[in-house]
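Take a look at the letters that make up each chain.
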Amino acid sequence: MDMCMTEATASLLQVEETFSACLARIDALILKPLLQAEPSDQKGKENFKLFLLLNDRFQALWNLTEENYRILKQKCSNSESFCIQDIYTVWKGDLFLSLYIQYFVTFANYVVVHGFEHATKSKSEAWKHHKTVLKQFLTDFTSETSMSLALYTVLHKPIRDHIKQYILLLTKLNEVLKEGSEKDMVTSAIKEYVKLESFISQVLDEACFTKSLWKSLGYKFTDMLCVPERRLLEDSKNLPISASTNRSDRILLFDDVLVLIQGNGFQSFDLKLVWVDENCREKSAPGLYGLRIITPEETFFLSAKDPQMKAVWQWKLNQAVRQALNGKRDFPLWGKTGEGTDPPSCRIFTYVFRLEGKFKNASYEGEWHLGKPHGKGTLKWCNGRNHVGDFKEGLEHGFGICLVPCQSEDRYDCYKCHWYEGKMRGYGICEYGNDMVYKGYFKDNVRQGFGILENLSAERPFKYTGQWENDKKNGYGVWEDKDRGERYIGTWLDDHKHGQGIVVTQSGVCYQRTFHADKMVGSGILLLEDDSVYEGNFTEDLMFVGKGKLSFANGFTLEGTFTNKSGQGLQTHGILNTSNEQLDDRITKAQLGLKEFPVEKRWKGIYDQFLEFIHSGCKEETEESFTGFHIQTSKELRKSQEYLFCQRGTEDVSWKIEDILEELVQHQGLESQQSYLEKALKSSLHPLGKLLKALMIAFQATYSGIGANRHLLTMAQEEVKYYAKKIWEFYQGLLHLALEQKGQLPAKGVDGDTSDQKACSVVLPLILPCFYPELFMLYMLYHEREDELYCQGIMDLSLFPDIKLLEFLDVQKHLWPLKDLTLTTNQRRSLIKDKCFLSATECLQKLITTVDPWEKLVILQKTYEEIESTVSRVVEKDYRLPMDDLLPLLMYVVSRAKIQHLGAEIHLIRDLMDPANKGGLYDFLLTALESCYEHIQRMRLHQRENCHVPHSS
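Bear in mind that the values here come from a model prediction, so they are computed numbers and not experimental data.

A. View of the overall build of the chain. Check the secondary structure of the chain and you find 28 helices and 27 strands. A burial count over the chain gives 50% of its 953 residues as buried. Restricting the contact set of the chain to residue pairs at least 6 apart, pairs at least 24 apart contribute 52%.

Structure follows, in structure tokens:
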């Protein structure tokens, strides 16, 4: 084994010594003189730069050879033993291959631009003086008489011969090596050097083929197409193929572009953006075999006369495209050892569109598929317009951010939106250059459906929440004018208030009128802050004009004709009726908008989107488009998109739409259903949670702030109930879809509950907390007068000690819990307060700690039970309270609990309680509580005086 290594090393040493001497002669007699002959013409200077690079590659080869020769010689002189690492052509094979490849690629570039022909025509004195010596040297290598051909030969033949010697030497070594890792290394090295030999041969053939082309083409084509690195791979003159009718006279396939020449002009197509489709039989002429060539803006056909010719062109085109995409040629260039796979249909590239169309002069950088932008990408126009986002088959499709420059100022409209087949569609946020912001739905590039437009500038700030159609406010919507301090709730037509409308002002005044193109027409109803009501015509400044009827809070009415003259105040000619001296709740508590705005016709734009989402099959990629209204800032919108397309963590997986549908099927039992709905409605990632968020925005826009007006209570209350109904319907829709996808039929309801009953019993308690602050405020305002009287009664009753209060309320003495009146020093029993029925009082006080009507009723029941329990303890037996005993005791507990806004609480429970509880115990107890509330209101001061209330000394 050692003997084999010694012989191989000795042979390598001798080969390297000879080769190094040869390279030294070439350097001295050819390269140095040529480097001194720098040309003066432009073309010569360009070629000379390439020759300098060739010289650098040559020197690198020579240095490597010299360095390894010295190391090897030193080891031989020291009589050291040899191993496979000493055969550096094996051990440093990658470095050798890299330097040889670099040299021959640069050499071929020099050949392509006729470098040797230009070099031998040099007129420098140094070159002329050296010509004779050079000719003598060249005869040692070649018999060529042409100086340029001789130079070409001498600068590549010795080096190629040397590679053959490497292969021969390694082959001999491999034959004597035993099986093992060393033999495998040598075998692998031989294969690489064989590939290198093939590569060099192909590189030189391509260079000569390309050089011949430039020679045959006119100067016009050569000047525009010829670059040193470009190689001709195929020519339709050599391998006939034709393009679409009258398209070209000649087709040239280079390693970077496909060129179609016709007459004096040509078209070139970057191979990185060329797709080859062989499946176009139906588009080819009879008797021809076609290939469809797809580029970003053009598609054409190449037709061959036989399948073999088509196959060759197809293979060469595909390999050229693949190598262009890889940014490097195969090693070797062609043949069985090449990769041979087809190029990917999906690519990433930058391209500037030049033909007429929506993308003209725009630069697209991003993902492509079959000649069209497809995937993530960025479009940039010269005028500053930008679009960053998702594309599909050449059009904006999916989420995108588009910047559109404003014409008048250095500002942009920024659209963060969903797109469908090139147009905005679905939820988006647009930040306009004029400081307005739109959050809502689009369709075909215009605002369509539910949306919010807000002017954030200091000049006339406003906010519109409502329906849009064809980019204009149309349908039901709410407009808040922040300067005037008023809110319009009503219908719109083409950006104008049109139809029935309610206006609520900051001062508490509200009115209902018919509008026509923003102008009030006909008579209306005006509700003043002092509870007066005017029915008739009035101006925008709320001045009474014409015929009308004014109903005062004290029950008087004034009916006639009203005028308002400057400086003279309000004048009227009519009849004052003073016969009715009682307040009329139908007037002072009139409810607006019920007939004019049926609840099912409000906020259709929100429901329609969710319905469309269900009908579309709940595809995850469209989820944010249909249900995105939970996102209210641009930053959130971008994050939500990143969330949709990123790898989600395990905690988020359950909210992927397929998992949502799967989980729905598993939660069909009543308790399971309720817990699932509770979880879903609290999540901003669940479609039902997103729907609830959108409804909250609409509700707050209508009834919060300025909209907190008692005349809107019934509108708000029926709206919340309708929300529950629609959420239940959408839940059922999702469940039906989930079962359908599993091939199952929806289960029939066995409890006989209707959709409305389910909505009220299951959904309403879950969503009520979201609307409770605004809704309860309306109840408080509506019952403000009654609650004020009730509070005065409570204050009167709070002055009574416990015994006096029980006596005053006619509670039977045998039911008084006197044992609870524990005395301290110097304390009289008759003066003790807040000790009787303490547990029931504390229980009732919890009424304000929950928003759920059901839970409030349960608290009322527990209060009743605490009263009964206390009485049973007093009489020392189980005692069932009759109505005559219950009312006085309950009134005592209510007076001690001191619950503010009890009227609002009672009526909220009554309006929103589950219909199933009506007529039962809960209904009875609520009626009893309501009786106590009304009785306390009617208390009179003299009743308290008759009870001899003692004064504290």
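More follows now that the structure is in view.
B. Inspection of the pairing of strand E21 (residues 496-505) at higher detail. Among the ten residues that make up E21, seven are buried, leaving the element largely enclosed by the rest of the structure. Across seven bridges, the pairing between strand E20 (residues 486-493) and E21 is antiparallel. Note on E21: the bridge partner recorded for Tyr488 is Val503. Count of turn residues in the E20/E21 antiparallel hairpin: two residues, of which Asp494 carries a positive phi of about 50°. Turn length for the E21-strand E22 (residues 510-516) hairpin, with the two strands adjacent in sequence and antiparallel, is four residues, and the turn residue Gly508 shows positive phi of about 105°.

C. Region of the structure containing the nonpolar core. The biggest cluster of nonpolar side chains holds 79 residues, and the ones touching the most others in it are Trp603, Ile606, Ile727, Ile767, Phe771 and Leu775. Top element by residues in this core is helix H19 (residues 713-741). It accounts for 16 residues. Discounting residues that sit within four places of it in the chain, Phe771 has contacts with Leu692, Leu695, Met696, Phe699, Val720 and Tyr723. Counting 71 residues, the second-largest nonpolar core is a separate cluster that includes Ile26, Val111, Leu155 and Trp214.

D. Structural context of the packing of helix H26 (residues 902-912) against helix H27 (residues 921-937). Their axes nearest at 10 Å, the elements H26 and H27 cross at an angle of 155°. In terms of orientation, H26 and H27 fall into the roughly antiparallel class. Of the two elements, H26 crosses H27, and the hand of that crossing is left-handed. Of the residues in H27, those in contact with Leu902, Gly903, Ile906, His907, Ile909 and Arg910 of H26 are Asp923, Leu926, Thr927, Leu929, Glu930 and Tyr933.

E. Looking closely at the pattern of salt bridges. Taken as a whole and assessed by the stated rule, the structure comprises 40 salt bridges. Salt-bridge contacts for Lys726 lead to Glu729; the nearest nitrogen and oxygen are separated by 3.1 Å. Of this pair, Lys726 and Glu729 both sit in helix H19, separated by three residues, roughly a single helical turn. Each of Glu206, Asp255 and Arg329 takes part in salt bridges that share partners, so that together they form one network.

F. A look at the packing of aromatic side chains. For the structure shown, the criterion picks out 54 aromatic pairs. Geometrically, the ring pair formed by Tyr488 and Trp492 is edge-to-face, given 5.4 Å between the ring centres and 90° between the ring planes. Grouping residues by exposure puts Tyr488 and Trp492 together as buried. Taken together, a centroid distance of 5.1 Å and an interplanar angle of 45° make the contact between Tyr790 and Tyr933 tilted. Here Tyr933 lies in helix H27 and Tyr790 lies in helix H21 (residues 784-798), a separation of 143 residues in the sequence. Here a set of aromatic residues connected by ring pairs shows up, and it is made of Tyr415, Tyr432, Tyr438, Phe442, Phe462, Tyr464, Trp468, Trp479, Tyr488, Trp492 and Phe515. Positioned above the aromatic ring of Tyr464 is the side chain of Lys473, whose terminal nitrogen or guanidinium carbon lies 5.6 Å from the ring centre. Directly above the ring of Phe538 sits Arg513, whose terminal nitrogen or CZ lies 4.5 Å from the centroid.

G. Examining the sheet that holds strand E2 (residues 242-243) more closely. Taking strand neighbours across the sheet as the criterion, the four strands line up as E2-E8-E7-E6 in an open arrangement whose pairing is antiparallel. At either end of the open sheet lies a strand with only one pairing partner, and these are E2 and strand E6 (275-277). Against the sheet, helix H11 (residues 307-326) makes contact with E6, strand E7 (289-294) and strand E8 (299-304), and its axis sits at roughly 20° relative to E7, the strand it touches most.

H. Structural detail: the pairing of strand E5 (residues 265-270). Bridge count for strand E4 (residues 257-262) against E5 is six bridges, and the pairing is antiparallel. Across the sheet, the residue bridging to Val259 is Ser268, located in E5. If you look at the hairpin formed by E4 and E5, you'll find two residues sitting between the two strands, and Gly263 has a positive phi there, around 60°.

I. Highlighting the sheet that holds E4. The strand order across the open sheet built from four strands is E1-E3-E4-E5, with neighbouring strands paired in antiparallel fashion. Strands at the two margins of the open sheet, each flanked by one partner only, are strand E1 (232-235) and E5. Strand-to-strand, the axes of this sheet are offset by a mean angle of 20°, without reference to chain direction. Here helix H9 (residues 181-216) sits on the sheet in contact with E1 and strand E3 (250-254), set at roughly 60° to E1. Relative to the sheet, H11 contacts E1, E3 and E4, its axis offset from that of E3 by approximately 45°.

J. Representation of the confidence of the model for the chain within the structure. Looking at the chain as a whole, its pLDDT mean stands at 85, while 87% of the residues score no less than 70. A low-confidence stretch, residues 940-945 stays under pLDDT 50, and its non-local contacts, those more than four residues away or across chains, total six contacts. Here residues 947-953 scores under 50 on pLDDT; set against residues more than four positions off or in separate chains, the count is seven contacts.

K. Layout of the packing of helix H8 (residues 157-176) against H9. Taken N-terminus to C-terminus, the directions of H8 and H9 make an angle of 160°; their axes are 10 Å apart at the nearest point. Taken together, the axes of H8 and H9 are roughly antiparallel relative to one another. In this structure, H8 meets H9 at a crossing whose hand is left-handed. Contacts from Arg160, Ile163, Lys164, Tyr166, Ile167, Leu170, Thr171, Leu173 and Asn174 in H8 reach Lys183, Val186, Thr187, Ala189, Ile190, Tyr193, Val194, Leu196, Glu197, Ile200, Ser201 and Leu204 in H9. Counted by class, the contact of H8 with H9 contains 13 nonpolar, four polar and four charged residues.

L. Geometry of a nonpolar patch on the surface. A cluster of nonpolar side chains, namely Met883, Leu921 and Phe924, defines an oily patch on the protein surface of about 240 Å² accessible area. Along the polypeptide, Phe924 turns up in helix H27. Its relative accessible area of 34% is what places Phe924 among the partly exposed residues.

M. Structural context of unusual backbone geometry. With a phi close to 75°, Asn445 is a non-glycine residue in the positive phi region. By secondary structure assignment, the location of Asn445 is in the loop between strand E16 (436-443) and strand E17 (446-455).

N. Here's a closer look at the environment of Val321. Note on placement: Val321 falls in helix H11. For Val321, a relative accessible area of 0% puts it in the buried group. A sequence separation of 47 residues divides Val321 from Val274, and the C-alpha atoms of the two residues are 7.0 Å apart.

What counts and what doesn't
Residues numbered from 1 in each chain as written. Predicted model: local features only at pLDDT ≥ 70, side-chain atom pairs only at ≥ 80, totals over all residues. Heavy atoms only, no water. Helix = DSSP H or I, 4+ residues; strand = E, 2+ residues; numbered from the N terminus. Buried < 20%, exposed > 50% of the residue type's maximum accessible area, 1.4 Å probe, protein only. Contact = heavy atoms within 4.5 Å. Pairing = 2+ DSSP bridges. Core = buried A, V, L, I, M, F, W, Y, C linked by side-chain atoms within 4.5 Å. Axes fitted to C-alpha atoms, helices over the stretch in contact; angles between N-to-C directions. Parallel < 35°, antiparallel > 145°, perpendicular 65-115°, else oblique. Left-handed = near helix turned anticlockwise from the far one by under 90°. Salt bridge = Lys/Arg side-chain N within 4 Å of Asp/Glu carboxyl O. Phe/Tyr/Trp six-rings, centres within 6.5 Å; stacked < 30°, edge-to-face > 60°. Lys NZ or Arg CZ within 6 Å of the ring centre and 35° of its normal. pLDDT = per-residue confidence, 0-100. Nonpolar A, V, L, I, M, F, W, Y, C, P; charged D, E, K, R; others polar. Patch = residues over 30% accessible without salt bridge, like charges linked within 9 Å, V, L, I, M, F, W, Y side chains within 5 Å. Areas by Shrake-Rupley, 256 points an atom, 1.4 Å probe, with all protein chains shown as cover.

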